Amino acid sequence: MTVTASASETHSRPAQIWLLIWACALAIVLVVFLLEDRLPWAVNYPASAVVPVADWISALMRWIKSNLSWLTRSITAVLGVPLDFALNLLAKNFKIGHGAEAYVLPRLSWVGVCAAAFLAGHTVGGRKLSLLVGGCFLYIALFGQWTSAMLTLGLISIAVPFCIVTGLFAGIWAWRKPWAERLIVSPALDLMQTIPTFAYLIPMLLLFGNSPVSAMIATAIFATPPMVRATMLGLSRVPSEIDDFSEMAGCTARQKLWRVLLPSARPTLMIGVNQVIMLALNMVIIASMIGAGGLGYDVLLALRALKVGEAMEAGLAIVALAIALDRLSQAIAHKQAKGHVHQEMSPSLWRRHPNLTLAIAILVVTTLLGLFVPAFAAVPKAITFTTAPLWKAAVNWVTINFFDTIEAFRVALILNLLNPLRAFCEGFPWLGAVFLLGLAGYQLSGFRLAVLVAALTAFCAVTGLWEKTMATVYLCGISAFIACLIGIPIGLMASRSDRFEKIVTPVIDTLQVLPSFCFIIPVVMLFRVGDVTAMIATIAFAVVPAIRYTNHGIRQVPPALIEAAKVSGCTPRQTFFRVQLPLALPEIMLGVNQTILMALAMIIICAMVGTRDLGQEVFIALSKADSGRGIVAGLAIAFIGIVADRLFSAWTAKARARLG
Amino acid sequence: MSDKTEQEPIVAGTPKDVRPIKLACRNVWKLFGSNATSFIRERDGKASMADVTAAGLVGAVRAVDLEIRQGEIFIIMGLSGSGKSTLVRCMSRLVEPTHGKVEFEGKDLLKISDAALIELRRHRMGMVFQNFALLPHLNVLENIAFPLSIQGQDRPTREARAREVIELVGLRGREHFYPRELSGGQQQRVGIARSLATKPEIWFLDEPFSALDPLIRREMQDELMRLQTMLHKTIVFITHDFDEAIRLADRIAIMKDGEVIQIGTPEELVVNPATDYVAEFTRDVDRAKVISARSLMRACDGSEHGGTIAPDAKIASFSAGIVAANKPFAVVNGTGKPIGEVTPQAVIDLLAGIDRSRAGA
């Protein structure tokens, strides 16, 4: 008793001091805000003092472009070869020769590819998976999205191996050299994952032109980090005994790495591969803006023309492709994790890999048949469906019948919630924000975090982007807040009912797989363009981690503690509020952190539907190919993410340390 | 301290071991912490536990001296954290000792080149691990052939050798199973087979049976003894289980806090524990199975003998006979000459746990 009493006493004193400090700090900021007329430079960053970082970057890029074009051109040429091959093979047909005498080698027949998808599913996951994967491909074919989908798939099929190899080597390097991990790899990974995808597109566009190659490079940059992380994690998790064994067997350093450590880490590596595939798909869709083509481009064109039906169709095809690729790669990863099962060795390829040989045979036969029977070469128009008119009719019906309700909802939301908040955020003194965030950093972790947070916040102001930064913060903040408000209760319910969890899990799994683009389409249909659309799409996208982490956090509370609570006579309510919730709090906070980061990523993409924030800034820069402007805005976005992430992580770490 | 036990056998009349020394540790230290090397070098390889702690270092292995002879089963026994695993890793240079010498057939292991070390490990050392350390992506045959394939042997040669050892450890028919499809005992058989595939001269077994159920553990101990009677390897065996040590050992080194506190045959440890710590371990041991006739022997007083026994015969092997005969047995050496006798009373006292020499004093 005395111990706890004295402990709480020593705890309460700093807490009270901090309360006082915060009250003073807020008061100071309020005073600054009220004295706007006297101290305008403290509220709005003076335009005259803006540091022209954007111009510097533009100049640098120009220099690179004019002096290193031989390098970029040769990279384009080299990477173009396998990429063209894949695109020709899957989507475009090979053309040999020129003009009228050109001889055309057909692409793979759609029938063959569907059959191969079916067999691949069968090999790694049995009948259920084969139906799902084969069904997804068939869906794409029948709904008339075949060529676009195969363009997307072709890009992925080249980008993914590239990412895997690069990621593997970077991961090995970081694992071998701790200084490299600490000084180079970790910061680079953080930045690669927080800079919005749009922002990479601009330098790629400048250096490599509007082509599938630049889309592929952007994809590679975006999708490599999980492979690096998986490699580092997998290698560090190999049991030390296996490490010792390889030494005792007399392995050289190379034999040890390639024949012992990496194969032992294969299950973790496969999880990395799955993530690489999904991120690559996501990015290929976004990279359609700089010439990737494929499904993303279809969505983009349709959205620009406000052809909601077409956008929806292409969007659903993306969903189908995403689900097929995700389930397939997950099944492979799962199979790896479970380990091998012995089978009789058989000398013939046919016996060992019946499905593989069958798939190859079918592909060859159907493709050759395609030379004579056009139905095998291209999906015949007669058997394709189009749902575009249906979607259009549905939207029309909704707008005709519910226009007033939706509009009233939208306007009420804008007038009562969004606009006041926006005004508050945009008017917030930049100096005050730097000060308050620095203070928070100091309280949560110490001087270093305080300096980091303050410096990153100041960057946004100093580069003259303060107002747009705050516009982003406002929209991201409100979306993340509502996402948590929805997600955490769902997560809590899922943690308390197995049946509910069974319903929720597949839904959030699917939500997580979908490329961010897809969330915008249905919302645009109903709410047209604007902040409300951006907010709703962001909430839908960002709600997943809030649900997942809350559920996981509550469920991972050790059963022994719950039993202890029950034995000491807690009611279920008390058990929940006084045992489970406090113990799960760090995990839930981690979910909130993820939600914020995902909301930030989505808000930027929502610039497509007309928000006025940093995303718009990047978007404008993209259309003008103004690399300096785009990169600075991209860095500002990344810094918002890093500030939020570091503060939340510090808080979570503190809470975890307290729980022991 | 350990030198003394090495030179003069505790139990009188034990013949001196004349087998060549295979592996020796000479004042081996392993310290963790900053400046550990300079710390021990400055003190010329001598430091007390207090010195080590005061310098902020952790002494995992301290001043270990021991000699392992060719063909013996040498057991390093200690509780967790006593440094036994670190010590065996120092012997194979998986862990680089901070100070001292590890001699393999008289050559300092710590001075040889990396290439020579790899060569040594490939052909002359084998190791078995507590958690088996099998490669999950290879089947039994491939796992066992792995050390040979590392050496660059071609597939038919290495698979032929792998099949030989599979036969030896009784795993025939499981060649194409993957590790996770096998039970713990079977997995460790694979581990043993793998370490034997290269025909090593010295065989390190790091708590090989600790992860197994008691019954299986017993079976595997018998298996090990069976293999040893065929193969005559020099074995360094780590365990935390004193009963296991007693069952298998030619000699046992007992470790505590990184130090070897006593080295001796099981009988020596039981009859003459160096410290209370050792005595604590030996207290519950079934003495009749450990103590030999030599320890109970006294000079013949001319009475009639009911039978003859060898000096190395364990008490348990003749206790029933001697009690039934109710006459002393003569202890005879290899040439049949009596060197002493064991009385029924001495055997009964031992079985009953009465120590007459001390009780009488």
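Residues numbered from 1 in each chain as written. Chains lettered and ligands numbered in written order. Predicted model: local features only at pLDDT ≥ 70, side-chain atom pairs only at ≥ 80, totals over all residues.

- Chain B goes by Quaternary amine transport ATP-binding protein in an unreviewed UniProt entry, where it is assigned to Rhizobium loti.
- The record held by UniProt for chain B lists under Subcellular location (unreviewed entry) the comment "Cell inner membrane".
- According to its UniProt record, chain B has this under Sequence similarities (unreviewed entry): "Belongs to the ABC transporter superfamily." (UniProt positions renumbered as here; feature names shortened; annotations may be inferred.)

- In the annotation of an unreviewed UniProt entry, chain A is listed under the name Glycine betaine/proline transport system permease protein and assigned to Rhizobium loti.
- In its Sequence similarities (unreviewed entry) section, UniProt records this for chain A: "Belongs to the binding-protein-dependent transport system permease family."
- Per UniProt, chain A has the following entry under Subcellular location (unreviewed entry): "Cell membrane".

**Brief notes about the overall build of chain B**
Okay, so step 1: Counting secondary structure elements, chain B contains 17 helices and 13 strands.
Okay, so step 2: Taken over the C-alpha trace, chain B has a radius of gyration of 23 Å; the compact-globule value for 361 residues is 21 Å, and the two agree within 12%.
Okay, so step 3: Expressed along its principal axes, the backbone C-alpha trace of chain B runs to roughly 70 × 55 × 35 Å.
Okay, so step 4: Buried positions account for 44% of the 361 residues belonging to chain B.
Okay, so step 5: Intrachain contacts of chain B at a sequence separation of at least 6 include 67% that bridge at least 24 residues. (Helix = DSSP H or I, 4+ residues; strand = E, 2+ residues; numbered from the N terminus. Rg over C-alpha atoms; globule rule 2.2 N^0.38 Å. Buried ≥ 20, exposed ≤ 12 C-beta atoms within 10 Å, placed from the backbone. Contact = placed C-beta atoms within 7 Å.)

**Topic: the overall build of chain A**
Okay, so step 1: Each helix and strand counted, chain A has 29 helices and two strands in total.
Okay, so step 2: Taking the principal axes of its C-alpha atoms as reference, chain A extends roughly 80 × 60 × 60 Å.
Okay, so step 3: The proportion of buried residues among the 660 residues of chain A is 47%.
Okay, so step 4: In chain A, the share of contacts with a sequence separation of at least 24, taken over all contacts with a separation of at least 6, comes to 79%.

**Some words on the interface of chain B and chain A**
Okay, so step 1: Contacts between the two partners involve 24 residues from chain B and, on the opposite side, 21 residues from chain A.
Okay, so step 2: Counting only elements with at least two residues in the side of chain B that touches chain A, the list comes to α5 (114-123), β6 (125-128) and α6 (140-150) of chain B.
Okay, so step 3: Taken together, the residues that form the side of chain B that touches chain A break down as 13 nonpolar, seven polar and four charged. (Nonpolar A, V, L, I, M, F, W, Y, C, P; charged D, E, K, R; others polar.)

**Re the UniProt feature "domain: ABC transmembrane type-1" (unreviewed entry) in chain A**
All names here are of chain A.
Okay, so step 1: In this numbering, the UniProt entry assigns the feature "domain: ABC transmembrane type-1" (unreviewed entry) to residues 149-329 and 469-648.
Okay, so step 2: As a span, residues 149-329 carries 86% helix and 0% strand, and end to end its C-alpha atoms are 18 Å apart.
Okay, so step 3: With 87% helix and 0% strand, residues 469-648 has its two end C-alpha atoms placed 19 Å apart.

**A closer look at the UniProt feature "domain: ABC transporter" (unreviewed entry) in chain B**
Okay, so step 1: Per the UniProt entry, the sites bearing "domain: ABC transporter" (unreviewed entry) are residues 40-282 of chain B in this numbering.
Okay, so step 2: Segment residues 40-282 of chain B splits into 43% helix and 21% strand. End C-alpha atoms: 34 Å apart.

**Points about the domain arrangement of chain B**
All names here are of chain B.
Okay, so step 1: Looking at chain B, the domain boundaries give domain 1 (2-124 + 200-283) and domain 2 (288-360).
Okay, so step 2: Look at where the C-alpha atoms of domain 1 and domain 2 centre, and you get two points 33 Å apart.
Okay, so step 3: Counting residues at the interface gives seven residues for domain 1 and six residues for domain 2.
Okay, so step 4: For the side of domain 1 that touches domain 2, the leading source of residues is helix α11 (residues 266-271), giving four residues. (Domains from an automatic or database assignment.)

**Some words on the nonpolar core**
Okay, so step 1: Core analysis: the largest hydrophobic core is formed by 310 residues, its most contacted members being A:I140, A:A159, A:L201, A:A280, A:L321 and B:I144.
Okay, so step 2: Of all the elements, helix α5 (residues 110-142) of chain A adds the most residues to this core, at 18 residues.
Okay, so step 3: Among all residues touching A:L201, those that are not within four sequence positions of it are A:A218, A:A287, A:M289, A:I290 and A:L622. (Core = buried A, V, L, I, M, F, W, Y, C linked by C-beta atoms within 7 Å.)

**Some remarks on the domain arrangement of chain A**
Residue and element names in this part refer to chain A.
Okay, so step 1: Splitting chain A by domain gives domain 1 (35-67 + 392-659), domain 2 (68-95 + 148-340) and domain 3 (108-142 + 348-386).
Okay, so step 2: Using C-alpha coordinates to define each centre, domain 2 is positioned 25 Å away from domain 3.
Okay, so step 3: Every contact between the two is made by 14 residues of domain 2 and, on the other side, 14 residues of domain 3.
Okay, so step 4: Going through the elements one at a time, α4 (69-92) and α15 (308-338) are the ones with two or more residues in the side of domain 2 that touches domain 3.
Okay, so step 5: Looking at the side of domain 2 that touches domain 3, the element that brings in the most residues is α15, giving 11 residues.

**A word on the environment of B:S195**
All names here are of chain B.
Okay, so step 1: In this structure, S195 sits in helix α8 (residues 184-196).
Okay, so step 2: Sequence-wise, S195 and M127 are 68 residues apart; in three dimensions their C-alpha atoms are separated by 5.6 Å.
Okay, so step 3: Every residue in contact with S195, bar those within four places of it in the chain, is listed here: G126, M127, V128, P200 and W203.

**Points about helix α13 (residues 266-286) of chain A**
Okay, so step 1: When the terminal C-alpha atoms of α13(A) are compared, their 30 Å separation across 21 residues agrees well with the 30 Å that a helix rising 1.5 Å per residue should span.
Okay, so step 2: Counting buried positions over the 21 residues of α13(A) gives 19, a clear majority of the element. (Expected span 1.5 Å × (residues − 1).)

**Re the sheet that holds strand β3 (residues 73-77) of chain B**
Residues and elements named next belong to chain B.
Okay, so step 1: The mixed open sheet is built from six strands, whose spatial order is β6-β7-β8-β3-β9-β10. If you trace the sheet from one side to the other, it starts and ends with β6 and β10 (259-264), each paired once. Direction aside, the axes of adjacent strands within the sheet are offset by 15° on average.
Okay, so step 2: Pairing between β6 and strand β7 (residues 202-206): four bridges, direction parallel. From the neighbouring strand, V128 faces β7, where its bridge partner is L205. (Pairing = 2+ DSSP bridges. Axes fitted to C-alpha atoms, helices over the stretch in contact; angles between N-to-C directions.)

**Thoughts on the pairing of strand β12 (residues 329-332) of chain B**
As a general feature of sheets, a regular strand has side chains that alternate between the two faces.
All names here are of chain B.
Okay, so step 1: For strand β11 (residues 307-309) and β12, the ladder comprises three bridges, and the chain directions are parallel. Bridge pairing in β12 links I309 to V331.
Okay, so step 2: With respect to chirality, the unit in which β11 leads through helix α15 (residues 315-325) into the neighbouring parallel β12 is right-handed.
Okay, so step 3: Bridge count between β12 and strand β13 (residues 338-342): four bridges; the pairing is antiparallel. Paired with V331 across the two strands is G340, which belongs to β13.
Okay, so step 4: Where β12 folds back on β13, the antiparallel hairpin that results is connected by five residues, among which G336 adopts a positive phi of roughly 90°. (Right-handed = clockwise from strand over helix to strand, strands pointing away.)

**Regarding the sheet that holds β13(B)**
Within a sheet, neighbouring strands are paired by backbone hydrogen bonds and run either parallel or antiparallel to one another.
Residue and element names in this part refer to chain B.
Okay, so step 1: Ordered by their spatial adjacency, three strands build an open sheet running β11-β12-β13, and the pairing between neighbours is mixed. Edge positions in the sheet fall to β11 and β13, since each has one partner strand and no second. Put simply, the sheet's adjacent strands are angled 35° from each other on average, direction ignored.

**Concerning the pairing of β3(B)**
Residue and element names in this part refer to chain B.
Okay, so step 1: β3 sits mainly inside the fold: five of its five residues count as buried.
Okay, so step 2: Residue alternation in β3 divides its side chains into two sets, I73, I75 and M77 and F74 and I76, and both sets are buried.
Okay, so step 3: Note that β3 and strand β8 (residues 234-239) share five bridges and pair parallel. The residue bridging F74 from the neighbouring strand is V236, located in β8.
Okay, so step 4: When β3 meets strand β9 (residues 251-256), the two strands line up parallel, connected through four bridges. In the sheet register, I75 faces β9, and the bridge partner there is I252.

**Considering helix α10 (residues 225-237) of chain A**
All names here are of chain A.
Okay, so step 1: In this model, α10 (13 residues) spans 18 Å end to end at C-alpha, consistent with the 18 Å of a helix rising 1.5 Å per residue.
Okay, so step 2: Most of α10 is tucked away: 10 of the 13 residues are buried.
Okay, so step 3: All of the buried residues along α10 are P225, P226, M227, V228, R229, A230, T231, M232, G234 and L235.
Okay, so step 4: Residues of α10 that are buried in the fold lie against α6 (146-176), α7 (178-194), α12 (253-264) and α13.

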